[in-house]
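# Chain and residue survey
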Protein chains: 2
Amino acid sequence: MNFCSHCGQGVRFAIPEGDDRPRYLCDACGAIHYQNPRIVAGTLPIRDGCVLLCRRAIAPRKGYWTLPAGYMENAETTLEAAERETLEEACAEVRIHDLYTLINLPHINQVYMIFRADLIGDFAPGPESLEVAMFAEDEIPWDELAFPTIERTLHHYFGDRHEAIFPLHISDIGRDDRERYFGSA
Amino acid sequence: MNFCSHCGQGVRFAIPEGDDRPRYLCDACGAIHYQNPRIVAGTLPIRDGCVLLCRRAIAPRKGYWTLPAGYMENAETTLEAAERETLEEACAEVRIHDLYTLINLPHINQVYMIFRADLIGDFAPGPESLEVAMFAEDEIPWDELAFPTIERTLHHYFGDRHEAIFPLHISDIGRDDRERYFGSA
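Rules behind the numbers
Residues numbered from 1 in each chain as written. Chains lettered and ligands numbered in written order. Predicted model: local features only at pLDDT ≥ 70, side-chain atom pairs only at ≥ 80, totals over all residues. Heavy atoms only, no water. Contact = heavy atoms within 4.5 Å. Buried area = accessible area lost by both parts, 1.4 Å probe. Salt bridge = Lys/Arg side-chain N within 4 Å of Asp/Glu carboxyl O. Helix = DSSP H or I, 4+ residues; strand = E, 2+ residues; numbered from the N terminus. Nonpolar A, V, L, I, M, F, W, Y, C, P; charged D, E, K, R; others polar. Patch = residues over 30% accessible without salt bridge, like charges linked within 9 Å, V, L, I, M, F, W, Y side chains within 5 Å. Areas by Shrake-Rupley, 256 points an atom, 1.4 Å probe, with all protein chains shown as cover. Lys, Arg positive; Asp, Glu negative; His and termini not counted. Charge placed at Lys NZ, Arg CZ, Asp CG, Glu CD. Buried < 20%, exposed > 50% of the residue type's maximum accessible area, 1.4 Å probe, protein only. UniProt positions renumbered as here; feature names shortened; annotations may be inferred. Phe/Tyr/Trp six-rings, centres within 6.5 Å; stacked < 30°, edge-to-face > 60°. Lys NZ or Arg CZ within 6 Å of the ring centre and 35° of its normal.

The next thing to look at is the interface of chain B and chain A. Counting residues at the interface gives 39 residues for chain B and 39 residues for chain A. Carbon and sulfur atoms make up 53% of the area that chain B and chain A hide from each other, which totals about 3200 Å². The interface formed by chain B and chain A contains four salt bridges. Salt-bridge contacts for A:Glu73 lead to B:Arg21; the nearest nitrogen and oxygen are separated by 3.7 Å. Of all elements in the fold, only β4 (38-47), α1 (78-90), β8 (93-105), β9 (110-120) and β11 (169-172) of chain B reach the threshold of two or more residues within the side of chain B that touches chain A. Looking at the side of chain B that touches chain A element by element, the count peaks at four residues for α1(B). Looking at the side of chain B that touches chain A residue by residue, the classes come out as 19 nonpolar, 11 polar and nine charged.

A cluster of acidic side chains, namely A:Glu80, A:Glu83, A:Glu93 and B:Asp172, defines a negative patch on the protein surface. With respect to the helices and strands, the residue A:Glu80 is situated in helix α1 (residues 78-90). A relative accessible area of 39% means that A:Glu80 is categorised as partly exposed.

For the rest of this paragraph, the subject is the UniProt feature "domain: Nudix hydrolase" (unreviewed entry) in chain A. Mapped onto the present numbering, the UniProt feature "domain: Nudix hydrolase" (unreviewed entry) falls at residues 36-158 of chain A. Secondary structure across residues 36-158 of chain A comprises 20% helix and 43% strand; the distance between its end C-alpha atoms is 33 Å.

A separate point is the environment of A:Ile120. All names here are of chain A. Within the secondary structure, Ile120 is located in strand β9 (residues 110-120). Spatially, the C-alpha atom of Ile120 lies 8.0 Å from that of Arg47, the residues being 73 residues apart in sequence. For Ile120, the contacting residues outside a window of four places in its chain are Arg47, Glu93, Val94 and Arg95.

Think of a pair of aromatic rings as described by two things: how far the centres are apart, and how the planes are tilted against each other in angle. Under the counting rule described, the total for this entry stands at 14 aromatic pairs over all chains. When the centroid spacing of 4.9 Å and the interplanar angle of 80° are considered together, the rings of A:Trp65 and A:Phe135 count as edge-to-face. Separated by 70 residues along the polypeptide, A:Trp65 in strand β6 (residues 65-66) and A:Phe135 in strand β10 (residues 129-135) bring together distant segments of the chain. Of the two residues examined, A:Trp65 and A:Phe135, each falls in the buried class. Ring geometry for A:Phe147 versus A:Phe182: centroids 6.2 Å apart, planes at 20°, classification stacked. Linking A:Phe147 in the loop between β10 and α2 (148-160) with A:Phe182 in helix α3 (residues 175-182), this pair joins segments that are 35 residues apart in sequence. Ring-pair connections join several aromatic residues into one group, and the members of that group are A:Tyr100, A:Trp142, A:Tyr157, A:Phe158 and A:Phe166. For A:Arg61, the ring lying beneath its charged end belongs to A:Phe182, and the centroid distance is 5.6 Å. Over the ring of B:Tyr64 we find B:Arg61, and its NZ or CZ is 3.8 Å from the ring centre.

Here's what the structure looks like:
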């Protein structure tokens, strides 16, 4: 951020009076520009014991496999966001059961929320997917997954389904986990 | 948003090519400025069957009672945000059990995440609180609560504790619920 989005003058990065962390401040109009984490909402679509995955057609991690998920938009709920992303990326409808993984990524200011769901009807690649397919546990392309959040969610699922109990799993992914996927650059 | 925060030129609000909803667009530098919901993280601090509430010292809803909660910041996790807000507003430490209510407020682009917690040690009003106190169920100031999210979380808690089972409750609050608190202005 270089300029105030309200008045167009230059901003500086400093701690406002009464605050405890730096923000982008506009001395011309007095605006304080807060920046906050974003929610990535998605689903774990299941049918006949298989999981739907999408192969990404866009950066980052183009060509790698992911669960359908993306940034939650204004004016929608977390469930609506998860359903919308599933429809956009996999042309698939789902019946959502519950929130299954909540994963914090504080180094990139994201919070993943993946809902366990039943896949309903057909599927096909949307514009952001190269292909969409169903995978049994022994078919999951573990070395070709797009993000550590996806790997973790799938591990939880295949572990939990032996007992058929699917509690909410809350966890964090740090820089080290991420570097396995993206390198340290 | 009037000006591009990257280059300082004027923005327009229109649907970008390949997108399906309007964004703030900068024709000068090509930036697309996305806006996304914010997370409000907080706790439901319990001790000896009583709930800790804070009376707000600041707008909105100054003078009304709330659970300690506030906007999640960049570079922290949802649990860290909930603990930090509890420390800031009630000078209180908590031991978090689990995520208890997840409440979508799509008309104001917020997602509340309230964690059930044990209160540890002392408490006192922080700079954003006029007072902090413990309330038994029959002492809750139902007509003086700050936000519908707080009312709903407290109702869930006093309902669930008869069975001592505290599942995650996911729900939405719409414009109508909110107008009971804020009016239709």
